[in-house]
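A look at the structure
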Amino acid sequence: MNLYEEQIKKLSHPPLPKRRKEEIQNLVAELLSKMTLREKIGQLFQTAPNDAHIEGLRFDDSHGTVQYIKEGLCGSILGVHTPINAYQLQRIAVEETRLGIPLFFGLDIIHGCRTIFPINLAMSCSFNPELIEKASSVAAAESAHTGISITYSPMVDVVRDPRWGRVMESNGEDSYLSRILGRAYIRGYQQDDLSGNQAIGACVKHFAGYGAVEAGREYNSVDLSDRQLRMNYLPAYQSCVDEDCASIMSSFNVIDGVPSTCNRYLLTDILRNEWGYEGFVISDYTSTFEIMNHKITTDAKEVAKLCLNAGLDHEMVSNHYITYLEELVRENQVDTHTIEESCKRILTFKYKLGLFDNPYKYIYHEPEQYMQLPEYRELALEIAKNSIVLLKNENQVLPVQKNKKVALIGPAALTKNVVGGWGGLGRVEECVSFYEGMKNSGYDVIAHEGCSFEGAEHDDQLMEEALRIAAEAEVLLLAIGEPDYLTGEWSSRSELCLTGRQLELVARLKLLGKPMIGVIFSGRPLDLTWCTDNLDGLIYGWYLGNETGNALASVISGDYNPTGKLTMSFPRRVGQIPVYYNQLPTGRPSLTGGPRDLFKSCYTDIPNSPLYPFGYGLSYTTFNYKNLRLSTNCIKGLEETVVSVDITNTGRCPGKIISQLYIEALSFSVSRPVKEFKGFEHTYLEVSETKTISFVINREMLSYLNIYNEMTPENRTYRIFIGSDSSTSDYQQLEYKE
Ligand code: GLC
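These numbers were taken from a predicted model, which means no experiment stands behind them.

With that settled, the discussion passes to helix H16 (residues 459–471). End to end, H16 covers 18 Å across 13 residues, agreeing with the expected 18 Å (1.5 Å per residue, within 8%). Where H16 is concerned, the buried positions are Asp459, Leu462, Met463, Ala466, Leu467, Ile469 and Ala470. The buried side chains of H16 occupy one side of the element, clustering within an arc of 165° when seen end-on. Opposite the buried face of H16, at more than 90 degrees from it, the exposed residues are Gln461 and Arg468.

If you check helix H5 (residues 83–95), its first and last C-alpha atoms are 17 Å apart, about what 13 residues at 1.5 Å a residue would give, namely 18 Å. Listing the buried residues of H5 in full gives Pro83, Ile84, Asn85, Ala86, Tyr87, Gln88, Leu89, Gln90, Arg91, Ile92 and Ala93. Buried-residue contacts for H5 involve helix H1 (3–9), helix H4 (65–70), strand E2 (76–78) and strand E3 (104–107).

The next subject is the site of the ligand. Near the ligand you find Asp108, Tyr152, Arg166, Lys205, His206, Met249, Phe252, Asp284, Tyr285, Met316, Trp422 and Glu489, and these make up its full shell. Measuring from an oxygen atom of the ligand, one finds a side-chain N or O atom of Asp108 at 2.4 Å. Here the ligand loses 93% of its free accessible area of 310 Å² to cover by the protein chains.

This next bit is on the pairing of strand E13 (residues 444–448). Examined bridge by bridge, strand E12 (residues 405–409) and E13 share 5 bridges and lie parallel to one another. Along E13, the bridge assignment pairs Val406 with Val445.

So, about the nonpolar core. Trp542 and Ile556 are the most contacted members of the largest nonpolar core, which totals 209 residues. Apart from the residues lying within four places of it in its own chain, the contact partners of Ile556 are Leu398, Pro399, Val400, Phe434, Met438, Tyr443, Leu477, Val519, Ile539 and Tyr620. Within the second largest apolar cluster, 28 residues are counted, among which are Val645, Ala665, Tyr704 and Ile722.

Glancing now at the environment of Thr146. Position of Thr146 relative to the elements: it lies in the loop between helix H7 (129–143) and strand E4 (150–151). Classification of Thr146 as buried rests on a relative accessible area of 4%. Remark: the alpha-carbon pair of Thr146 and Ile480, spanning 334 residues in sequence, is separated by 35 Å. Discounting chain neighbours no more than four positions away, the residues touching Thr146 are His81, Thr82, Pro83, Tyr362, Met371 and Leu425. Within the structure, Thr146 has its side chain in polar contact with the backbone oxygen of Ser143 (distance 2.7 Å).

Right, let's talk about unusual backbone geometry for a bit. Going from Ser153 to Pro154, the amide bond is cis rather than trans, its omega being 10°. Along the chain, the position of Pro154 falls in the loop between E4 and helix H8 (175–190). With an omega dihedral of -5°, the bond running from Lys205 to His206 counts as a cis peptide bond. Tracing the sequence through the fold places His206 in strand E5 (residues 201–207). You will see that Asn332, though not glycine, has its phi angle at about 60°, which is positive. By the element assignment, Asn332 lies in the loop between helix H12 (320–330) and helix H13 (336–353).

Here the focus is the pattern of salt bridges. Where side chains of opposite charge bring their charged atoms close, a pairing between them can arise. Under the counting rule described, the total for this entry stands at 48 salt bridges. Arg20 is the salt-bridge partner of Glu22, the closest N and O atoms lying 3.2 Å from each other. With relative accessibility at 42%, the residue Glu22 sits in the partly exposed group. With a shortest N-O distance of 3.4 Å, Glu368 and Arg427 are connected by a salt bridge. On the criterion of sequence distance, the pair formed by Glu368 in the loop between H13 and helix H14 (374–387) and Arg427 in the loop between E12 and helix H15 (434–440) is long-range, its members being 59 residues apart. Relative accessible area serves as the criterion here: at 43%, Glu368 is assigned to the partly exposed category. Looking at Arg427, the relative accessible area reads 34%, which means it is partly exposed. Salt bridges linked by common partners bring Asp460, Glu464, Arg501, Glu504 and Arg508 together as one network.

With that settled, consider the packing of aromatic side chains. Taken as a whole and assessed by the stated rule, the structure comprises 32 aromatic pairs. Ring geometry for Tyr4 against Tyr87: centres 5.8 Å apart, planes inclined by 65°, an arrangement best described as edge-to-face. One end of the pair, Tyr4, is in helix H1; the other, Tyr87, is in helix H5, with 83 residues separating them in the sequence. Residue Tyr87 is classed as buried on the basis of its relative accessible area of 4%. Taking 6.3 Å as the distance between ring centres and 15° as the angle between the ring planes, the aromatic pair formed by Phe677 and Phe680 counts as stacked. A relative accessible area of 17% places Phe680 in the buried class. A connected cluster of aromatic rings, assembled from ring pairs, spans Phe127, Tyr176, Tyr581, Phe614, Tyr662, Phe677 and Phe680. Arg160 extends its terminal NZ or CZ atom over the ring of Tyr580, reaching a point 3.7 Å from the ring centre. Between Lys205 and the ring centre of Trp422, over which it is positioned, the NZ or CZ distance is 5.2 Å.

Turning our eyes to something else, we now look at the side chain of His320. Note on placement: His320 falls in helix H12. Among the polar contacts listed, one links the side chain of His320 to the side chain of Glu315, at a separation of 2.8 Å. In this structure, His320 is in contact with Thr288, Phe289, Met292, Ala300, Val303, Ala304, Glu315 and Leu325, ignoring residues within four places of it in sequence.

So, on to the state of the cysteines. One pass over the structure, following the stated rule, counts 0 disulfides. The structure places no disulfide on Cys245, whose sulfur is separated from the nearest cysteine sulfur, that of Cys240, by 5.8 Å.

Cut-offs used in this document
Position numbers for residues start from 1 in each chain and track the written sequence from start to end. It should be noted that, the model being predicted, local features are given only for residues of pLDDT at least 70 and side-chain atom pairs only at 80 or more, the latter also being counted only at that level, while totals for whole chains, interfaces and linings use all residues. Based on all heavy atoms of the structure, the side-chain values leave hydrogens and waters out of the count. Labels follow the DSSP assignment, with helices taken as runs of H or I lasting at least four residues and strands as runs of E lasting at least two, numbered in each case from the N terminus. For a helix, the expected span equals 1.5 Å multiplied by the residue count minus one. Think of it in three bands: residues with accessible area under 20% of the maximum for their type are buried, residues over 50% are exposed, and the middle band is partly exposed, with areas taken using a 1.4 Å probe on protein chains only. Starting at the helix axis, one direction is taken to each C-beta atom, and the arc is that of these directions. Residues are treated as being in contact if the distance between any of their heavy atoms lies within 4.5 Å. Nearness of a residue to a molecule or strand requires only that one of the residue's heavy atoms be within 4 Å of it. By the criterion applied in these results, polar contacts are pairs of N or O atoms within 3.5 Å in which, for protein atoms, one can donate a hydrogen and the other can accept it, and in which residues neighboring in sequence qualify only through two side-chain atoms. Here the accessible surface of atoms and residues is derived via Shrake-Rupley with a 1.4 Å probe, and residues count as covered only by protein chains that are part of the display. In this scheme, strands are said to pair when DSSP sees at least two bridges between them. Here, the term nonpolar core denotes a set of buried Ala, Val, Leu, Ile, Met, Phe, Trp, Tyr and Cys residues that are joined through side-chain atoms within 4.5 Å. Only one rule defines a salt bridge in this text: a Lys or Arg side-chain nitrogen within 4 Å of an Asp or Glu carboxyl oxygen. Each aromatic pair joins two rings of Phe, Tyr and Trp (for Trp, the six-membered one) with centres within 6.5 Å, and gets the label stacked for planes under 30 degrees apart, edge-to-face for over 60, and tilted for any other angle. Distance and angle both matter: a charge sits over a ring if NZ of Lys or CZ of Arg is within 6 Å of the ring centre and within 35 degrees of the ring normal. Cysteine sulfur atoms are paired as a disulfide whenever they fall within 2.5 Å.

Encoded structure:
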């Protein structure tokens, strides 16, 4: 055991004082008064030494990390997640600098740290903020034992284009749901106080509007009207501000031609002046440097000036602040007050975490003992089951009886590589493959890859082998989709098809004439038109993390009756994108939805409707809605009405349905979406059981940014819907009078 490990072993982790806001403000002010300008600037910089390069006592100084820290020119570290490395860097900051200001350590822990939960887009299909909060608290508990003090999560970008690989990190296409789930992530990470030994900071991203990248192309431009920005994209970030998120990350894209990272309208006018945000804003990875690529300036020094004066507090990786800010102060191009305000926000965060009380709060000897606890794995299984979406079940091909001989075929059948993009510190070997899950569940299953994800020379041989195996089976289970490395950052695709020769494999298997169930592994909505037309059953399995196989087997066997609901619309083909539920009506709405509804807004070759709409997901039972009603059909001012509906389980097994509330304004001073999602309710029903669910409708729920930029419901007529997905058509009419 080396010297540092000896020292880590002696570290203690007593409960830390919960300091009041005023107390922290005084402590920060006192520390600030002792700092030089250079030291204040140093707090505004985050460097990113590669953790793998910091082994034992040797540092990879290619990033200059140690030098930055020793000179007091580093406020935080990105990417270090091994206690011994975090300890060494923290020790230098605390013991070898003039003021001993501790560092904080950031990493992207977005759907689990070592216990890996389903990708975020999958978890959003649970419509379950309680489960997501629990998952986030587990992620925080594991992270807090690896040196990490803040996670770059939740990502609450509203997304409408599945070509963009990062839809996997999101909560889907709806702003209201993203608001609810974003807050749940923050509560789970930050718990009731950041001083808690298992609490870490939440950094909400990517502010703002990154999910609207043109053509779904990574790092591309965004062009939104202010109304679109404020009605569809900003509310989720604002909800996270209201949940007191520790930090916000500026996005790579421009908003109205100005990169978010130097966009004063976003970072100061809205974030500070309208929303009163007090946390710190961090840039995305080198997004400060990239404003030169956006051609905002050719001068690196001006980068520092523009970003600081716009309201950016902390620079991730590129080092314009520590390089140029002192000179800019001397030239009166930036104000020391601005630097001090940013420095205060960083120091405040460190005080809230308790790092001044215990700089080694997050550093533990032998952290393994805190990882992958049985209760964590149980939670991962529960969330995975809730994230699975049943899309088709013809001829009751599902659930599959356990005495059936099953052939499990496809490139996702045997692989344990099911962590999914942004997999934190997850380990492939700790994942349960689809095949393992089916075996664990007691199936007589034989598995075969069938073909590669990518398309390879040996695919022909693989297919021949798979066909022979399939011929012996009673049921064919297909494990198909896209490989996990095609999801996440820098993973935009121009097509949404199954990759490689998977469709060829499936088509050849279909010739055997056996029941076929497709299970799709993906980080985004794929083009499932062929699968929908040709398979008997279809399950969206996303990338479900550690408990993938067990969760899928639980649904396939009927041990768990699927409840998931889609949070992104599925296009019929890539040419239909963007397709989303809350579109505007247009001047020529097609009542038939096309195709070929002449001189109406539609295509000549496909219907307007998505293949599967927002909110869609089947169960092994069926539900019936009836008796939709309002307590009053006219409300004024702050009055409310209650919308209710009776739901009956009309099927053959107990089940849970996630009902959704939508509204539609029949007219408004600006064109409003054809539907607006406003609430949801989980209802468990035994066979033949009926329950009534209700929602309160008030003026806030009916409000929208009108032609005068006022949030108001105006004097209008509305339709109120409750149903099992966004295509529901049963409504009650409501008058609103100011
Ligand atoms: C990346 C991502 C961002 C992430 C950051 C730090 O480029 O855009 O989501 O948090 O860098 O890893």
